[in-house]
Amino acid sequence: MSAAEPIQFDPDVVRADFPILNTVLHGDKRLVYFDNAATTQRPRQVIDALVNVYEHQYANVHRGIHWLSEQSTDLYEDARESVRRFIHARDCLEIVFTTGATAAINLVARSWGDRFMKAGDEILLTEMEHHSNIVPWQQLAERTGCLLRFAPISDDGRLLVDEFDRLLTPRTRLVAFTAISNVLGTINPTAELIAKAHDAGAIVLIDAAQSAPHQSLDVQQLDADFVAFSGHKMLGPSGVGILYGRERLLEEMPPFLGGGSMIRRVTLNGFEPADLPAKFEAGTPPIVPALGLAAAIKYLEGIGMQNIAQIERTLTARAHTVLNEIDGIRILGPSPSEKAGIVSFVVDGIHAHDIAQILDQYGIAIRAGHHCAMPLHKRLGVAASNRASFYFYNTEEEIDRLGEAIRGAKRIFRRN
Ligand code: PLP
């Protein structure tokens, strides 16, 4: 279905799949869950899949030759195939199960970074990165002497592409950036930036933690080298994430963690690594979370990623309208047409934690703080912000409740 076609989507039907959305708290407040950028909720279909594995299909994978282990191994590899299809990768060899986006980025920093980066080489990041896409590179810089550069952003939270171009030089070996900012909601021009980086001879890591759950992702069309994302932000269980890597690059990289499964042969004198992707999956992998992620992908594909993006665009536009009607609110990031379903804001004279606490009394769950992006908050000149982040199961009526609750908070603090 193209983005322009009307969506056959009934929010009530979808919401009925998510048991937790029926929660009533503080007496009579129905839960409004607006902390989806931190982690999403799970539909019954994913919960049932997890229970089913434990009741009927669970054993360790790639080890036993008994029937149950063969069943779970097949399901685990089927889950890899689901991920491959979801991100349009060429081959399952390029799909590495990790414990999350953070683990995936660290894997690249440790394995690719330690092997290929040297003193004076540069990594280009942006000012809007999550700590998970800053600290592993800082650690790499400490180990190797490589240098980090940060492409700046505008005051309204858009990447300054001219500055990005200026900082991209023959010394740049790696460009790593988020496809969607977890604070600003800014949608970066991913394909354009990848093409520029490749023209400059650099490889690219995309932090897709906030984009894979919300937009369709085609790693071949993007020509991406590495892509990292987490299952728990896209209806799946926590404890599983994905590193997509271009086969040629993964082949050149040494294993990061050592242990069972990642070897072809071990002697007392050394080891020979296994083929891809096992080379990067040492130890017992996140078996059940991976199967849960496959169930989540099936659910997302049923709704359609273009539909999800379209629903979230409507919610974001509504949130901007509602918040802009309230005096003394500064919305961080660009206009709704340039952002995903993440709306961070600051209320004049009221600390972000106080807002979040009062909203909780209204049954509304939002995030308060720096959202693992301290350098970005420093750039924006705020110590902390509030973040309402949406998924396709949220409604415009819930956003109206957000507006009423913020007005309530302002009354308590006499900021009217
Ligand atoms: N990158 C971005 C943009 C994120 O928003 C997050 C989580 O909030 C991460 C990376 C890290 O994800 P995880 O904690 O699942 O490893």
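Here the structure is a predicted model, which means the values were calculated and not measured.

Chemist: Could you give an account of the overall build of the chain, naming the residues involved and the relevant values?
Modeler: Along its length, the chain carries 14 helices and 17 strands. The C-alpha radius of gyration of the chain comes to 22 Å, within 12% of the 22 Å expected for a compact globule of 416 residues. By its C-alpha atoms, the chain is 70 × 55 × 40 Å across when sized along the principal axes. Within the chain, the proportion of its 416 residues that are buried is 55%. Expressed as a percentage of contacts within the chain between residues at least 6 apart in sequence, the contacts between residues at least 24 apart total 71%. Counting 41 positive and 51 negative side-chain charges, the chain places the centres of these two groups 5 Å from one another.

Chemist: If you had to explain the sheet that holds strand E10 (residues 241–245) to someone new, which residues and values would you point to?
Modeler: If you walk across this open sheet you meet the seven strands as E4-E10-E9-E8-E7-E5-E6, and the pairing is mixed. The open sheet has two edge strands, strand E4 (95–98) and strand E6 (147–151), and neither has a second partner. Taken pair by pair, the neighbouring strands of this sheet meet at an average axis angle of 20 degrees, ignoring direction. Both strand E5 (residues 122–126) and strand E7 (residues 172–178) contribute to a ladder of three bridges, which runs parallel. By the bridge assignment, Glu122 is partnered in E7 with Thr172.

Chemist: Explain the environment of Lys118 to me, and be specific about the residues and the numbers.
Modeler: By the element assignment, Lys118 lies in the loop between helix H4 (101–116) and E5. Separated by 79 residues in sequence, Lys118 and Ala197 have C-alpha atoms that sit 19 Å apart. Apart from the residues within four sequence positions on either side, Lys118 is in contact with Thr144, Gly145, Cys146 and Arg173.

Chemist: Report on the site of the ligand, specifying residues and quantitative values.
Modeler: Taken together, 13 residues are adjacent to the ligand, and Thr102, Asp207, Ser230, His232 and Lys233 come closest. Taking Thr102, its side chain carries an N or O atom lying 2.5 Å from an oxygen atom of the ligand. One nitrogen or oxygen atom from the side chain of His232 is found 2.7 Å from an oxygen atom belonging to the ligand. Alone, the ligand offers 390 Å² of accessible surface; in the complex the protein occludes 86% of this.

Chemist: Which residues make up the nonpolar core, and what values go with them?
Modeler: One finds Phe229, Ile366 and Phe392 to be the most contacted residues of the largest nonpolar core, which totals 103 residues. A per-element tally of this core places helix H10 (residues 287–303) first, with twelve residues. The residues touching Phe229, leaving out its near neighbours within four places in the chain, are Val83, Ile87, Gly100, Ala101, Ala208, Ala209, Ala212, Leu217, Met234, Gly241 and Ile242. Counting 27 residues, the second largest nonpolar core, distinct from the first, contains Ala176, Ile203, Phe226 and Met253.

Chemist: Before we move on, can you summarise unusual backbone geometry with the specific residues and values?
Modeler: In this chain, Leu276 is followed by Pro277 through a cis amide linkage whose omega measures -5 degrees. In this structure, Pro277 sits in the loop between strand E12 (270–273) and H10. Backbone geometry at Leu235 places phi at a positive 80 degrees, although glycine is not the residue there. With a phi angle near 75 degrees, Ser261 is a residue other than glycine that sits in the positive phi range.

Chemist: Got a sec to walk through the packing of aromatic side chains? Specific residues and values, please.
Modeler: For the structure shown, the criterion picks out eleven aromatic pairs. With a centroid separation of 6.1 Å and an interplanar angle of 70 degrees, the aromatic rings of Phe18 and Phe392 are classed as edge-to-face. Linking Phe18 in the loop between helix H1 (11–16) and strand E1 (24–25) with Phe392 in the loop between strand E17 (385–389) and helix H14 (396–412), this pair joins segments that are 374 residues apart in sequence. Just as Phe18 is buried, Phe392 falls in that class too. Their ring planes at 35 degrees and their centres at 5.0 Å tell us that Tyr76 and Phe97 sit as a pair that is tilted. Of this pair, Tyr76 sits in helix H3 (residues 67–87) while Phe97 sits in strand E4, and the two are 21 residues apart along the sequence.

Chemist: Let's hear about the pairing of E12: which residues, and what values?
Modeler: Walk down a regular strand and you will see the side chains alternate between the two sheet faces. Alignment of strand E11 (residues 263–267) against E12, held across four bridges, turns out to be antiparallel. Bridge pairing in E12 links Thr267 to Gly270. Counting the residues in the hairpin turn of E11 and E12 gives two residues.

Chemist: Describe the environment of Asp156, naming the residues involved and giving the relevant values.
Modeler: Relative to the helices and strands, Asp156 is located in the loop between E6 and helix H6 (161–167). Spatially, the C-alpha atoms of Asp156 and Ala384 are 16 Å apart, while their sequence positions differ by 228 residues. Residues in contact with Asp156, not counting those within four places in the same chain, are Gly333 and Pro334. A distance of 2.5 Å separates the side chain of Asp156 from the side chain of Ser154, its partner in a polar contact. There is a polar contact of 3.3 Å between the side chain of Asp156 and the side chain of Arg158.

The rules behind each value
Residue indices begin from 1 for each chain and proceed along its sequence in written order. Local features in a predicted model are, by the rule used here, given only for residues with pLDDT of at least 70; side-chain atom pairs are given and counted only at 80 or more, and totals for whole chains, interfaces and linings are based on all residues. Water and hydrogen atoms were dropped before computing side-chain values, which therefore reflect all heavy atoms in the structure. Numbered from the N terminus, helices here are DSSP runs of H or I no shorter than four residues, and strands are runs of E no shorter than two. Radius of gyration here is computed from C-alpha atoms only, and the compact-globule reference equals 2.2 Å multiplied by the residue count raised to the power 0.38. Burial classification: accessible surface area is computed with a 1.4 Å probe over protein chains only, and a residue below 20% of its type maximum counts as buried, one above 50% as exposed, and the rest as partly exposed. Any two residues whose heavy atoms approach within 4.5 Å at even a single point are treated as in contact. When charges are counted, neither His nor the chain ends are considered; positive counts come from Lys and Arg and negative counts from Asp and Glu. A charge is said to be at NZ when it belongs to Lys, at CZ for Arg, at CG for Asp and at CD for Glu. One bridge is not enough; two strands pair if DSSP finds at least two bridges between them. Angles run from 0 to 180 degrees between N-to-C directions of axes, and those axes are lines fitted to C-alpha atoms, restricted for helices to the stretch in contact. One heavy atom suffices: a residue is near a molecule or strand as soon as one of its heavy atoms comes within 4 Å of it. Pairing of N or O atoms within 3.5 Å defines a polar contact, subject to two protein rules: one partner must be a possible hydrogen donor and the other a possible acceptor, and residues neighboring in sequence count only if both atoms are side-chain atoms. Where accessible areas are quoted, they stem from the Shrake-Rupley method and a 1.4 Å probe; at the residue level, only the protein chains shown are allowed to cover. Here, the term nonpolar core denotes a set of buried Ala, Val, Leu, Ile, Met, Phe, Trp, Tyr and Cys residues that are joined through side-chain atoms within 4.5 Å. Side-chain rings of Phe, Tyr and Trp (the six-membered ring for Trp) are treated as a pair once their centres are within 6.5 Å; stacked means planes under 30 degrees apart, edge-to-face means over 60, and tilted covers the remaining angles.

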